Amino acid sequence: MWPNKFEYTRAGSVDEALGAISDEGKFLAGGHSLLPVMKLRLDAPEQLVDIGGIDSLRGISANGELSIGATTTHAEIAASADVQAMCAGLASACGQVGDQAVRNFGTIGGNIAHADPASDPPTVLVACGATVHIQGAGGARSVGAEDFFVDLFETALDDGELITSVSLPNCSDCQCAYVKFPHPASRYAIVGVAVCLKMDGDTCASADVAVGGATVKAVKCAGAEAALAGSTLDDAALSAAAEAVKADIGDWLAGDIAYPEAYRQQMAGVFLKRAVAAATG
Amino acid sequence: MQVAITVNGVDHERDVDPRTLLVHFLREELDLTGAKIGCDTSQCGACTVHLDGKVLKSCTLLAVQADGADVTTIEGLAEGGEHHPMQTSFWENHGLQCGYCTPGMIMASAAFAQDNPGASEDEIRHYLEGNICRCTGYHNIVKAVKQVADAAAT
Ligand SMILES: Cc1cc2nc3c(=O)[nH]c(=O)nc-3n(C[C@H](O)[C@H](O)[C@H](O)COP(=O)(O)OP(=O)(O)OC[C@H]3O[C@@H](n4cnc5c(N)ncnc54)[C@H](O)[C@@H]3O)c2cc1C
Ligand code: FES
Ligand code: FES
């Protein structure tokens, strides 16, 4: 299958990319979501502005907080010692994206801009309080991950705006994990759960929890967080959190004929328990 | 648009329509038909090649994105008339039935076994998730990869 016809521009810098993009245009990063969509004619942009060669958009720096350039690939994030140390859950999520070929070329910026509900990285970004940095013709702005993901395939990005990087608070004193139930064919998440726990001895001082896959977007789960915080993560607390998480995601459920909403909702509870075990194990 | 892509050590310059996928470029411009189009939806891995040493599904990248890159296809894997060890191992272990998935399987596995000496059967099966064999001959494919990974560890 050939993609639709389009005009192609290779941008050498962020300014060049912002200057080139037209109303009918899209940015091209790894192409691992956009090209499949174009081949299936689910989208047919008239112009592609290739940002894959812009050096300033790529790479990871750890300077108090973690900063990841938009065109950094999943494989680079998964393999980064800085990400493993400062946000183990994100390294794990990026390592579980699709397969090795997808991880070699798919980028974090493309992943979150596409906002597929079955994606992995967004769930960790929402749990860990990441910030998305955006540049447009009118200037730069930053949006918290929770506000960035608006709905199914819908983000806070305006037309012509470019994600430049994602930043995360240093999470090295947290216990952080991401577990997923991968679709047997596509490997996308049927359910994905991210937890980030601050422990004080045996007690969980605070918990951050987010669920994706089961939902139209990554959802922060306040009820589950409250059930875990202050507990010793004993069976009673875990069961309460698994119940609470089902309510937390109740308004955002997604499903299909093979894995309906009610099933995914139930699995969110199961995978929450597994995520806590992975974080503390 | 003009592109310059090195394929199996040979430089090629061509004027391509930007919507040309790398797999089209290889098969139709260069007559390198080793990389197959299976699913055409980025799932099956029959089109797997190496781009700058990294495993890639060539149906999921534009030729213009590969401008300046170094691509290796199954046709370029053998060196000096000798099969790559992974090719030999697929042969010895009968890691193929119809052979349609084989170029992709070998390209994906060759990169893996080199970086993961001594890999376990589980690791190999997990790694090959992105390569589908419609004849479902996975058992011998895994055996073939294991033989090379084991040899790399000794
Ligand atoms: C077979 C397969 C399996 C996959 N499995 C998974 C999985 O299990 N989990 C998962 O999370 N993902 C999965 N993916 C998706 C993968 O992570 C994609 O690489 C990613 O979603 C998109 O990144 P990209 O760089 O390829 O973006 P592109 O395809 O280049 O772009 C995607 C969209 O984002 C826009 N965009 C790209 N970069 C920017 C930017 N910096 N600023 C603004 N807009 C931008 C584009 O205009 C486009 O609309 C899979 C993909 C494939 C092909
Ligand atoms: S043809 Fe490229 S992955 Fe199937
Ligand atoms: S040998 Fe026939 S598809 Fe794998």
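On a predicted model such as this, the values are computed, not experimentally measured, just so you know. (Residues numbered from 1 in each chain as written. Chains lettered and ligands numbered in written order. Predicted model: local features only at pLDDT ≥ 70, side-chain atom pairs only at ≥ 80, totals over all residues. Heavy atoms only, no water.)

Considerations on the overall build of chain B
For chain B, the count of helices and strands is five helices and five strands. Listed by position from the N terminus, the elements making up chain B come as β-β-α-β-β-β-α-α-α-α. Expected size for 154 residues packed as a compact globule is a radius of gyration near 15 Å; at 15 Å, chain B falls within 12% of this value. In terms of its C-alpha atoms, chain B occupies a principal-axis envelope of roughly 45 × 30 × 25 Å. Burial statistics for chain B: of 154 residues in total, 53% are counted as buried. For chain B, restricting intrachain contacts to residue pairs at least 6 apart in sequence, the fraction spanning at least 24 positions comes to 58%. Accessible surface, chain B as shown: approximately 6900 Å² in total, 48% of it carbon and sulfur. With 10 positive and 21 negative side-chain charges, chain B shows a spacing of 9 Å between the two charge centroids. (Helix = DSSP H or I, 4+ residues; strand = E, 2+ residues; numbered from the N terminus. Rg over C-alpha atoms; globule rule 2.2 N^0.38 Å. Buried < 20%, exposed > 50% of the residue type's maximum accessible area, 1.4 Å probe, protein only. Contact = heavy atoms within 4.5 Å. Areas by Shrake-Rupley, 256 points an atom, 1.4 Å probe, with all protein chains shown as cover. Lys, Arg positive; Asp, Glu negative; His and termini not counted. Charge placed at Lys NZ, Arg CZ, Asp CG, Glu CD.)

Remarks on the layout of surface pockets
Counted as a void, the second largest pocket has a volume near 440 Å³. Residue lining of the second largest pocket: 22 residues in total, with Gly-52, Gly-53, Arg-58 and Phe-105 of chain A together with Gln-65 of chain B positioned closest to the centre. If you list the elements that add at least two residues to the lining of the second largest pocket, you get strand 1 (7–10) and helix 6 (100–105) of chain A. Partitioning the lining of the second largest pocket into residue classes produces eight nonpolar, eight polar and six charged. (1 Å grid on protein atoms, 1.4 Å probe; cavity = no way out; pocket = protein on both sides within 12 Å on 5 of 7 lines; lining within 4 Å. Points joined across faces, edges and corners; volume = space filled by probe spheres on them. Nonpolar A, V, L, I, M, F, W, Y, C, P; charged D, E, K, R; others polar.)

What to know about the interface of chain B and chain A
With 28 residues of chain B in contact, the opposing surface of chain A contributes 30 residues. Where chain B abuts chain A, roughly 2500 Å² becomes buried across the two surfaces, and 59% of that area is made up of carbon and sulfur atoms. For the interface between chain B and chain A, the tally reads five salt bridges. Viewed at the interface, chain A and chain B are joined by twelve residue pairs in polar contact (both at pLDDT 80 or more). Ranked by residues supplied to the side of chain B that touches chain A, first place goes to strand 4 (residues 54–57) of chain B with four residues. Here the side of chain B that touches chain A is composed, by residue class, of twelve nonpolar, eight polar and eight charged. (Buried area = accessible area lost by both parts, 1.4 Å probe. Salt bridge = Lys/Arg side-chain N within 4 Å of Asp/Glu carboxyl O. Polar contact = N/O pair within 3.5 Å; in protein donor to acceptor, adjacent residues only side chain to side chain.)

Structural notes on the site of ligand 1
Around ligand 1, a shell composed of 34 residues is seen, among which Phe-27, His-32, Leu-34, Thr-107 and Asp-120 of chain A lie nearest. Per-site note: the chains with residues close to ligand 1 are chains A and B. Interatomic distance of 2.8 Å between a backbone N/O atom of Ala-29 of chain A and an oxygen atom of ligand 1. Leu-34 of chain A places a main-chain nitrogen or oxygen 2.7 Å from an oxygen atom of ligand 1. Protein chains shield 96% of the accessible area of ligand 1, which is 980 Å² for the free molecule. Among the elements of the structure, strand 2 (25–28), helix 7 (108–114) and strand 10 (162–168) of chain A are those that each provide at least two residues to the shell around ligand 1. At five residues, helix 7 of chain A tops the list of elements feeding residues into the shell around ligand 1. The residue inventory of the shell around ligand 1, partitioned by class, reads 14 nonpolar, 15 polar and five charged. (Near = heavy atom within 4 Å.)

A word on the side chain of His-50 of chain B
All names here are of chain B. Note on placement: His-50 falls in strand 3 (residues 48–51). A distance of 2.7 Å separates the side chain of His-50 from the backbone oxygen of Met-107, its partner in a polar contact. Aside from chain neighbours lying at most four places away, what touches His-50 is Val-55, Asp-70, Val-71, Thr-72, Met-107 and Ala-111.

Some details on the packing of aromatic side chains
By the definition in use, this model includes five aromatic pairs over all chains. With 5.1 Å between their ring centres and 90° between their planes, Phe-148 of chain A and Phe-149 of chain A make a pair best called edge-to-face. When its relative accessible area of 0% is taken as the criterion, Phe-148 of chain A is described as buried. A relative accessible area of 4% places Phe-149 of chain A in the buried class. Consider the rings of Tyr-259 of chain A and Tyr-263 of chain A, whose centres lie 6.0 Å apart with planes at 40°: the pair is tilted. Grouped by ring-pair contacts, the aromatic residues Phe-181, Tyr-259, Tyr-263 and Phe-271 of chain A constitute a single cluster. Above the ring of Trp-252 of chain A, the side-chain terminus of Lys-217 of chain A is found at 4.4 Å from the ring centroid. Here the guanidinium or amino end of Lys-54 of chain B rests over the ring plane of Phe-105 of chain A, the centre of that ring lying 5.5 Å away. (Phe/Tyr/Trp six-rings, centres within 6.5 Å; stacked < 30°, edge-to-face > 60°. Lys NZ or Arg CZ within 6 Å of the ring centre and 35° of its normal.)

Some details on the pairing of strand 2 of chain A
Residue and element names in this part refer to chain A. Pairing of strand 2 with strand 3 (residues 47–50), which is carried by four bridges, proceeds in the parallel orientation. Following the sheet pairing, Leu-28 is matched in strand 3 by Asp-50. In this fold, strand 2 hands off to helix 2 (residues 34–39), which returns the chain to strand 3; that crossover is right-handed. (Pairing = 2+ DSSP bridges. Right-handed = clockwise from strand over helix to strand, strands pointing away.)

A word on a nonpolar patch on the surface
Residue and element names in this part refer to chain A. On the surface, a cluster of nonpolar side chains totalling about 310 Å² of accessible area is made up of Met-1, Leu-40 and Leu-42. For Leu-42, the location among the structural elements is in the loop between helix 2 and strand 3. With a relative accessible area of 66%, Leu-42 lands in the exposed category. (Patch = residues over 30% accessible without salt bridge, like charges linked within 9 Å, V, L, I, M, F, W, Y side chains within 5 Å.)

Thoughts on helix 2 (residues 85–92) of chain B
Residue and element names in this part refer to chain B. When helix 2 is considered as a whole, its buried residues turn out to be Met-86, Gln-87, Ser-89 and Phe-90. Looking straight down helix 2, one finds that the buried residues subtend no more than 165° of arc, so they occupy a single side. Looking at helix 2, the residues exposed on the side facing more than 90 degrees away from the buried face are Pro-85, Trp-91 and Glu-92. Buried residues along helix 2 sit in contact with helix 3 (102–115) and helix 5 (138–153). Phi for His-94, located one or two positions after helix 2, is positive at around 50°. (Arc of directions from axis to C-beta.)

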